Structure formats: structure tokens, C-alpha cells
Amino acid sequence: MMRIVLTKPDIDRALKRIAHEIVESQRGRFGLVFLGIPTRGVHLARRLARLVADIEPQEVQVGTLDVTMYRDDLAHQSTRATVATDIPAAGIDGTTVILVDDVLFSGRTVRAALDAITALGRPDVVRFAVLVDRGHRELPIRADFVGKNLPTSTSERVNVSIAEVDDRDEVSIA
Amino acid sequence: MTILIRGASLFGGEKSDIYIDGDTIRDVGSISTPADRVIDANGLIALPGLVDLHSHLREPGGEGAETILSGSRAAAAGGFTTVHAMANTSPVADTAELVELVAERGRHAGYVQVRPIGAVTRDLAGEQLADIGGMANSHAAVTVFSDDGRCVGDALLMRRALEYVSTFGGVIAQHAQDPRLTVDAVLNEGRVSSELGLRGWPRVAEESIIARDVLLAEYVGARLHVCHVSTAGSVDVIRWAKKRGIEVTAEVTPHHLLLTDDLALSYDPVFKVNPPLRTAEDVEELRRAVADGTIDIVATDHAPHARSTKDCTWHDASFGMVGLESALSVVQHALVDTGHLSWSDVARVLSVAPATIGRVEGYAAPLAAGSLANITLVDSAHTAQWDSSRLHGRSSNSPFLGIVLPGRIMSTIFNGVETVIDGELVDPETLRNT
Amino acid sequence: MKHLISTRDLTSDKAVAILDTAHDMVDVRSRDVKKLPTLRGKTVANVFFEDSTRTRLSFEAAALALSADVTTFTAQGSSVSKGESLKDTLQTLEAMGADFIVLRHSHSGVAATVVNNGWVDAHIINAGDGTHEHPTQALLDAFTMRSRLRGETARGMDLSGIAVAIVGDILHSRVARSNALLLRTLGASVTLAAPQTLLPREIGGWGATVVSTLDEAIETRPDVVMTLRVQKERMSSGFFPSESEFSALWGMNDSRLSRLPSTSIVMHPGPMNRGLEISGSVADSAQSTVTEQVANGVAIRMAVLYTLMGDSR
């Protein structure tokens, strides 16, 4: 039985609020790099970058961070396709990196992302923004910016639809 | 001892009884005479004891793979009562002493008549003639000479050998393989060898030697026998030669009547053999050739090999397959069940004709009163997956493992002595006591 | 896919996925930190019964780039010639912890035999078996072609519409065999050019066009001319009469290069006999891909190791 927990207006509002929180936490610093984790995180990263630039005009960079080769479960699953990692030409040293993903669950994807970032450079600060935090962490990982906290049971499936990929914006639980 | 075989279908035909007294068939027909032993052969086909013109018993020198005793047992299990043992032992059987040794060991084992084949050339080296006369005149009374394993490739030497052997009424059995065309060859040259990157063994290497040899045999007026014919082209040459009146006989192995080179795609060396497995077209032509008599006999080329020489890469593996136990089943599957041969024809190609070529006495009048009691009883309706429990030699390199084959030998009688009873081999002590 | 024994194991989708992953691996190799942690804790054993420094080093570099541990066994010469030693060697290496075995041997079918006989449980990568196959070479060749001819937008693409001419000793070349198969799977068209003595028989099923000379192949305006190494020993077995005749009819030289479209590339798996199957100036020209084939080899082998690790079935 499926129930919708976030509609398009909910998502827009959440992203706008996160953008404000990011700007506030920056406290005038520059050098923001949004790195989206494929697939949907990439599009959310682009949206957040635009929203932040709207609030306070500044140079904001967006990139893609493929974490596939850093995962800890590769030997037990069938081969996952890799995606190109695309970071700003100037690198990420000395920047504020905002990692962006659609769902935070066990925390393992973020752990892999942190390893991937370490190999790419040394940012001043790394923060993590996620649309939905559904709990059930298996590692000591937390998000800095959360769109919505969604208590779930592990047997439930959280489905995030993003217009750029799925024709609509919606989060549902089944 | 007297044995009464009751209700056997002679050559797959009329049911009849057979009465054996000592080593001879006393009577054939409807018999009520009491006997020491009665074999109920209802539902079984009676054939004359099978005669293999081409087997490798490996003793002396290769006892790890087979001995004369174990090979004789394998033969009896396959319905054979006479087996010709090829000369490529270690040392080579190229003297009277050696062939007498082999014959004596065969006699001692007691399961089949072991007829030693003598080498054509000393040490199979292809240079000097072996002691052909000595072997012919020995107690082993050798009539078949062969360098099998190797080809007598030199034309002049083959001419001399044909001439010399005919002095003693013998025949040369040629392993037709031009050595220069088959250096390091391990598989039929064709689509499969090209795909697998394995050195090919071109069919012309066999056909050109046969063509040369039949002309030589004609020229010097000698008998020639061609071992393990494997290609359609070879059949054509032999057919042409026979039409010309050349005294040539030919044999084909059971595996060349059934298996093709596609099996090598698995790189499993159990399928590595010399001459190699060929194509479906060749298999079809070989079957027709047996049916029309161009190929006179089926001979097993039983080639046992130690496991370690087959549990390796194709390149390193030895050539050869065991075949004594499975021969009749494969012949039934490939020739009888397909309509190419009747059971009478089977008796011809697996008993009467090979005995004729090898000048073996006692097989000319099969299953007839007065003949030596060499008989095998087959349950042709039996059908099962061929597995290693059916193998009785020392080696298990059979390419038929896992294939469903018809037929089961229920009884083999060698000179009036049962070597197989109720489908089981008699053990050596019991045999010695009989 | 647990092993990579033959290019027959690869569907077009699987091959394209490997090419795409290799694309990302090339990217990794250009960064400051050229390593990934993907195979950390795993051991890759390079088992080279046939000498080949460049392939061995390429696999070594690929394994190290994925943070794997590498152990190497070489058996130069024919002291290890019987199948039993091969089995023992591999089982010993597995007992020492090898998760992947990269196997090169001079006998065709060795890798298949190891897998079919179940001698070891490790992933087997065929690094060249006799005159049979060399799958990673075919993959890096396909990757090189795709990168050069399709450029930056190549991701997700196969080689449809690309015409490849392979010239030289096809009969004894595992590179030719693997390439002919993989190119066909990826939708390319293949022309083979060789004297009849150097062509395998009955290759109608390979889907390739066969011509006699390199000039005939060039007339078809191929996008790729792949030259193969000639072994000079072939002359004494009557495969061709002399080096000069071979290079006159099948050698890639400046004159032939000038008759190719300027976008066409010339490839060679290495090591080259400069002046025999390929002239020095062609080898050094802008249209030659010889050096980038080497670099691509590491990326492809990283992609292959990664692709196999997920499947332990």
C-alpha cells in the first residue's frame, strides 16, 4: 500500500529551506561546490546550487561524484555500472563541498563518498544535504541539512521521483 | 563341461538353442540334452565372440594404463574372445621373443585369445624392417604387422615392407598419417580447430597415404589393411582401390562412427585421439561405407591412458580412447538402430571379417555346429547412460561417459569357458580353476 | 560473469559496459590520487608461463591501481611443461590467497581447461592462451578505436558502422581471433588480409571478409588497420618466403598510410617488428595508436577486474 509523503510543493519548500540554511551556515565564505551522488542527487545538487545563487549571488559550482568503486558491498552484488565523476577544473582543495543525495539510510553511500572526496582533494569543509532521512543508520553518519525526516520500518521502500529523471517530483513509501 | 544356451535369437533372428561341449559347439537347434550348465538366453541375441583387430594392451612397459590381464578383462566384458595387441609397447614388439611373451601372458590371463601384432620396423623408427619372419614363425604366429601409433611414411620402406610381409602371408596394417603434414597436429583441421587455435590435422594427410599405399600394394601384389579410417575422402580412395581389384581391407573405430570434432570445443582431452574426430559428413559417409562393405570391419583402437595424461591441457594430453567395453553398444547405436546394419552384418564386421583378415582360426562358421565355442549374448533392449562402472580396464578415458547407449553383454564364452556370467565378469581365480 | 576466458563470453552490452567503466578508469589515472580502494584486501596472481613483460606489467599496474595485492609467478622456458605442474602451481597460488588468477600460457585452451576442470575457485582471466584468444587485448583495442573514432561522446556506444582491417599472420594470432570475434559482437565490420598460408581454414562463421593483400584491404577505406606481429620463424616453415616479400605485400608503410582516410588509425598490439609488418614512420605517426593502446590496457584491465569481482558464482 503506497502513500505519498511529499508532494511537489513540499519538495520545493524543503529545498528552498535547505538553500537558506546553507547560505546562513556559509557566513559570508565563498567557494561552494555542490557534488551530487548519481543519479538523483546530481539533479538535486543542481537545483540547490541555483536556489543558493538566487538567494545570495555568488559563484557556485556543481559536479558529479560517482562513489561506485568506493562501496563496501561490491563483492556481494552483481556488477554496478560506473558513472563519470565530474569535478570543477580547479579541483576541490580549500572549498566547501556540499554532498547531495536523495535518501539517507544506512550511511554507507556517504562513507564511500567521503573516501572518494579524499582521493580527489582536500576541501576545507564537507557538508551533507539530503532530501529524505529515513533513519536506520549502520554507521555514525549524519546529515547537516535534511529536507524531511521520515521514520520508516526497514521493510518499507522509499521511492523518490525527481522530474528530471522520473517526470514528476514526489516521495512515497510502500 | 557342457553348456546349454536356451532360446537365444541367432544373429537377431530365429530363436535357437546352442549346445556346447568342452570348447566346441556340438549342436544348434531345438535341444533337450541335459547339460552341466544352462543359460537362459530368452530375449538375448547370440553373436559369435567378437574379434578386435586393433587394441593397445600396453604391456610390457605401460602397465600403469593397462595390462594384458586388465585389457583382456575389458575385452571379455565387451563380448570379445580374440584381441589383437598392437606392437607399440615398451620395448616394442619387434622380435619373436617379445611377441611370444605377449601371447603367453594372454594365455595365462585366460579371458580372450591375445594375438600379438608385430612391428613393421625396428623400434617403430621407420628405418629398418623388424624381424618379420621371426615373428611370423614364432609360437605367436604373427600375421598382422603394424607400426600403429606411427605411420610407415617412407614410400620405399613401405614398398619393401609390403613385399617382405607377403612372403609370410601376412598383412601390413598401416596407420595412415603423413608425418610432414601433421607436425604437432592435435585436432581435425577445420572450423573447430580454427576457432580453438589448435594445430590442425588435415584430412589429406590420411587420404594421400592411403592412395599411395593402395597403389604400392597393387604394384607389388601384396595385401594391405588400413587402420582407423576417419574421412569420407579415405572411403572414396578405398572404394576405388577395391573396384580395381586391389587387396585392401579397412577398419573404422566405434568413436569415428559417432563422435565429431565439435566435442573439442570443451577442450576436454578425453576427445583427443589419433586420427582425430572429424565432421558429421565424415561420420555419415563412414557409416554408409560399413554398410556397403567398403569398410570391412569395426576395430576398437582401445587406447588406455593414465589419468594424469588426460587431466591436463589439450596440448599436453595423450591421444586415445578406451573402447573395448563400449564397442558393441556404439555399433548398435550408430549402425543397427539407424538401419545401416543388421545383426548378421554386425557378426560379419565385428567377428568373421576381422578373423579372416588376421587369419584367426575358428571364426569362419559362426554359431555353427563344429565351430569353436566363442559366443557372446547381448541384451539389445537394455539402455543406460554409459558410466565408469561399465569399464573394466585400468583406465577410464572413455568419450562415451554420460551418453545413453543401448545394449549390454550378458554372457561371453571363450573356447567353451564363460568369462562373463549374467552381465558380470568372472574373477581371475575362478577362471583359472575352470 | 566470474571468469574472462574468451571474447565469446561477452555480449555487446557487457562489452560496452566494460568500455564505459574503462573510460572512468582513464579518468582516475589522470588524477593526483591514481588509485581506487575497490580491490583492497584481494590478491591478484599474475601467472605467466609464457614470457610477456608488457602484458604482465599492465595487469600488475591495473591490480595495484585498485589497491589489490599482487603476486607474480613466471616460468620462462619449458621446465614447467606438463599439465600436472600447471594444476599444482595454480592450486598452490590459490592456497596462498589468490582471488584472481591472470593466466598466460603457450597452449591454446589452458584457461578453459582450468575453469572446466574446476582446479581452482579463483576468478580466471585469460591473458593469452597459445594461438587461441587474448580477450583483454581485444577489449583495449575496441576501447582505443571507440575513443579515437567516437571521441568524448563515446559513452554507451558500440562500434557499429566502423570498418576494421586486420592484416598479417591471422593463423597464429590470438589477438586476431579475439578481435575478429569482439568486433563482430560490437557491430563493426571486419576484413582479413593475409596470404592463404597464414589464414585459418573454414572461417566463414567468423563473419569477416577475406582478401589477399593489404592493398585490397585499403581499397575498402577502413577506419582501422590493425597490423599483427610476424614471427620470423614462420619463414622456415614455408608460410612466406622472405621478410622483404612480406613487407612488400602486407607491410603497413607511408605509401599505404597516405591512401587511407586521414581519420583512419593504425594499430599494433606490440611488440613491433619495425620495418616488417609496420614501418617505423607509420608507427610514430599521428594516426598510430600504439602508445595509447598501452595506456588503455591498464584502464581496461582495471575495468575487467572490477567487472568480475561482483560475481563469485
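None of the values given here were measured: they were computed from a predicted structure.

Reading guide: rules and limits
- Residues numbered from 1 in each chain as written.
- Chains lettered and ligands numbered in written order.
- Predicted model: local features only at pLDDT ≥ 70, side-chain atom pairs only at ≥ 80, totals over all residues.
- Helix = DSSP H or I, 4+ residues; strand = E, 2+ residues; numbered from the N terminus.
- Rg over C-alpha atoms; globule rule 2.2 N^0.38 Å.
- Buried ≥ 20, exposed ≤ 12 C-beta atoms within 10 Å, placed from the backbone.
- Contact = placed C-beta atoms within 7 Å.
- Nonpolar A, V, L, I, M, F, W, Y, C, P; charged D, E, K, R; others polar.
- Pairing = 2+ DSSP bridges.
- Axes fitted to C-alpha atoms, helices over the stretch in contact; angles between N-to-C directions.
- Parallel < 35°, antiparallel > 145°, perpendicular 65-115°, else oblique.
- Left-handed = near helix turned anticlockwise from the far one by under 90°.
- Domains from an automatic or database assignment.
- Core = buried A, V, L, I, M, F, W, Y, C linked by C-beta atoms within 7 Å.
- Right-handed = clockwise from strand over helix to strand, strands pointing away.
- Expected span 1.5 Å × (residues − 1).
- pLDDT = per-residue confidence, 0-100.

(A) Focus on the overall build of chain B. For chain B, the helix and strand inventory stands at eleven helices and 19 strands. Taking 22 Å as the expected radius of gyration for a compact globule of 434 residues, we find that chain B reaches 20 Å, a close match to that expectation. Overall, chain B is about 65 × 45 × 45 Å in size when its C-alpha atoms are taken along their principal axes. For chain B, the proportion of its 434 residues judged to be buried stands at 59%.

(B) Main features of the overall build of chain A. Of the regular secondary structure elements, chain A holds four helices and eight strands. For chain A, the N- to C-terminal ordering of α and β elements is β-α-β-α-β-β-α-β-β-β-α-β. Taken over the C-alpha trace, chain A has a radius of gyration of 16 Å; the compact-globule value for 174 residues is 16 Å, and the two agree within 12%. Counting the 174 residues in chain A, one finds 37% classified as buried. Across chain A, every contact between residues at least 6 apart in sequence was considered, and the portion connecting residues at least 24 apart equals 68%.

(C) A look at the interface of chain A and chain C. Each side of the interface is counted separately: chain A has 15 residues, and chain C has 16 residues. Looking at the side of chain A that touches chain C residue by residue, the classes come out as eight nonpolar, five polar and two charged.

(D) Fine view of the sheet that holds strand 4 (residues 123-129) of chain C. Residues and elements named next belong to chain C. An order of 2-1-3-4 is seen for the four strands of this open sheet, with the pairing classed as parallel. Unpaired on one side and paired on the other, strand 2 (69-74) and strand 4 mark the two borders of the sheet. Taken over all neighbouring pairs, the strand axes of this sheet differ in orientation by 15° on average, direction set aside. In terms of strand pairing, strand 1 (residues 43-48) meets strand 3 (residues 100-105) through five bridges, oriented parallel. Paired with Val44 across the two strands is Phe100, which belongs to strand 3.

(E) Structural context of the interface of chain C and chain B. Each partner contributes residues to the interface: chain C has 22 residues there, and chain B has 18 residues. When contributions to the side of chain C that touches chain B are tallied by element, the ones reaching two or more residues are helix 3 (83-95), helix 4 (110-116) and helix 6 (174-185) of chain C. In terms of residues, the side of chain C that touches chain B owes the most to one element, helix 4 of chain C, which gives four residues. Taken together, the residues that form the side of chain C that touches chain B break down as five nonpolar, eleven polar and six charged.

(F) Expanded view of the packing of helix 4 (residues 155-167) of chain B against helix 6 (residues 204-220) of chain B. All names here are of chain B. Look at helix 4 against helix 6: their axes get within 10 Å of each other, and the N-to-C directions meet at 45°. For the element pair helix 4 / helix 6, the angle class is oblique. Of the two elements, helix 4 crosses helix 6, and the hand of that crossing is right-handed. Every residue of helix 6 that contacts helix 4 at Ala155, Met158, Arg159, Leu162 and Glu163 is listed here: Arg212, Asp213, Leu216, Ala217 and Val220.

(G) Layout of the domain arrangement of chain B. Residue and element names in this part refer to chain B. Each domain of chain B was delimited in the assignment, giving domain 1 (2-45 + 371-433) and domain 2 (49-357). Just the C-alpha atoms count here: the centres of domain 1 and domain 2 sit 26 Å apart. Taken together, the contacts link 31 residues of domain 1 with 42 residues of domain 2. Elements supplying a minimum of two residues to the side of domain 1 that touches domain 2: strand 16 (375-385), strand 17 (404-414), strand 18 (417-421) and helix 11 (428-433). Of the residues forming the side of domain 1 that touches domain 2, the biggest block, six residues, is contributed by strand 17. Taken together, the residues of the side of domain 1 that touches domain 2 sort by class into 16 nonpolar, twelve polar and three charged.

(H) A look at unusual backbone geometry. The omega torsion of the bond from A:Pro38 to A:Thr39 falls at 10°, within 30 degrees of zero and hence cis. Position of A:Thr39 among the secondary structure elements: in the loop between strand 2 (32-36) and helix 2 (40-55). B:Pro275 follows B:Asn274 through a cis peptide bond whose omega is 0°. Here B:Pro275 is to be found in the loop between strand 14 (248-252) and helix 8 (280-292).

(I) Up close: the arrangement of the chains. Ranking the two pairs of chains in contact by number of contacts places chains B and C first. With respect to C-alpha atoms, chain A approaches chain B no nearer than 26 Å, and the pair has no contact.

(J) Just the environment of A:Gly107, in detail. All names here are of chain A. Within the secondary structure layout, Gly107 lies in the loop between strand 4 (96-104) and helix 3 (108-120). In this structure, the C-alpha to C-alpha distance between Gly107 and Gly135, residues 28 residues apart in sequence, is 9.3 Å. Those residues within four positions of Gly107 in sequence are excluded, and the remaining contacts are Arg137, Glu138, Leu139 and Ile141.

(K) Representation of the nonpolar core within the structure. Formed by 284 residues in total, the largest nonpolar core has its most connected members in A:Leu48, B:Ala46, C:Ala142, C:Ile166 and C:Leu305. Apart from the residues within four sequence positions on either side, B:Ala46 is in contact with B:Ile5, B:Ala8, B:Ser9, B:Leu10, B:Ile18, B:Ala41, B:Leu367, B:Ile375 and B:Leu377.

(L) Local environment of the pairing of strand 14 of chain B. Residue and element names in this part refer to chain B. Of all five residues in strand 14, five are buried, a share of seventy percent or more. Of the two faces of strand 14, the one lined by Val248, Ala250 and Val252 and the one lined by Thr249 and Glu251 are each fully buried. Summarising the sheet, strand 13 (residues 224-226) and strand 14 pair through three bridges and their orientation is parallel. Paired with Leu224 across the strands is Val248, a residue of strand 14. Following the backbone out of strand 13, through helix 7 (residues 232-243) and into the adjacent parallel strand 14, one traces a crossover that is right-handed. Of the pairings in the sheet, the one linking strand 14 to strand 15 (residues 297-298) comprises two bridges and is parallel in character. Counted as the bridge partner of Val252 is Val298 from strand 15. Chirality of the crossover, the property in question, places the unit of strand 14, helix 8 and strand 15 among those that are right-handed.

(M) Quick look at the sheet that holds strand 8 (residues 224-227) of chain C. All names here are of chain C. Taking strand neighbours across the sheet as the criterion, the five strands line up as 7-6-5-8-9 in an open arrangement whose pairing is parallel. Only two strands of the sheet have a single partner each, and these edge strands are strand 7 (209-211) and strand 9 (265-267). Direction aside, neighbouring strands of the sheet carry axes that sit 20° apart on average.

(N) The arrangement of the environment of B:His228 in detail. All names here are of chain B. The topology assignment puts His228 in the loop between strand 13 and helix 7. Counting along the chain gives 69 residues from His228 to Ile297, while the straight-line C-alpha distance between them is 9.8 Å. Excluding its chain neighbours within four sequence positions, the residues that come into contact with His228 are Glu251, Val252, Thr253, His256, Pro275 and Asp301.

(O) A look at the environment of A:Arg108. Residues and elements named next belong to chain A. Turning to its location among the elements, Arg108 is positioned in helix 3. With 37 residues separating them in the primary sequence, Arg108 and Arg71 have C-alpha atoms 7.5 Å apart. Here Arg108 is in contact with Asp72, Glu138 and Leu139, once residues within four sequence places are set aside.

(P) Structural detail: helix 6 of chain B. Residue and element names in this part refer to chain B. Over its 17 residues, helix 6 extends 24 Å from the first C-alpha to the last, a length consistent with the 24 Å expected when each residue adds 1.5 Å. Every buried residue of helix 6 is listed here: Ala205, Glu206, Glu207, Ile209, Ile210, Asp213, Val214, Leu216 and Ala217. Packing partners of the buried residues in helix 6 comprise helix 4, strand 10 (171-174), strand 12 (200-201), strand 13, helix 7 and strand 14. Of the residues flanking the end of helix 6, it is Gly221, one or two places downstream, whose phi is positive at about 70°.

(Q) Broad picture of the confidence of the model for chain B. In this model, chain B carries an average pLDDT of 97, and 100% of its residues clear a pLDDT of 70 or more. Interface confidence for the predicted complex, expressed as ipTM, amounts to 0.87; the pTM equals 0.89.

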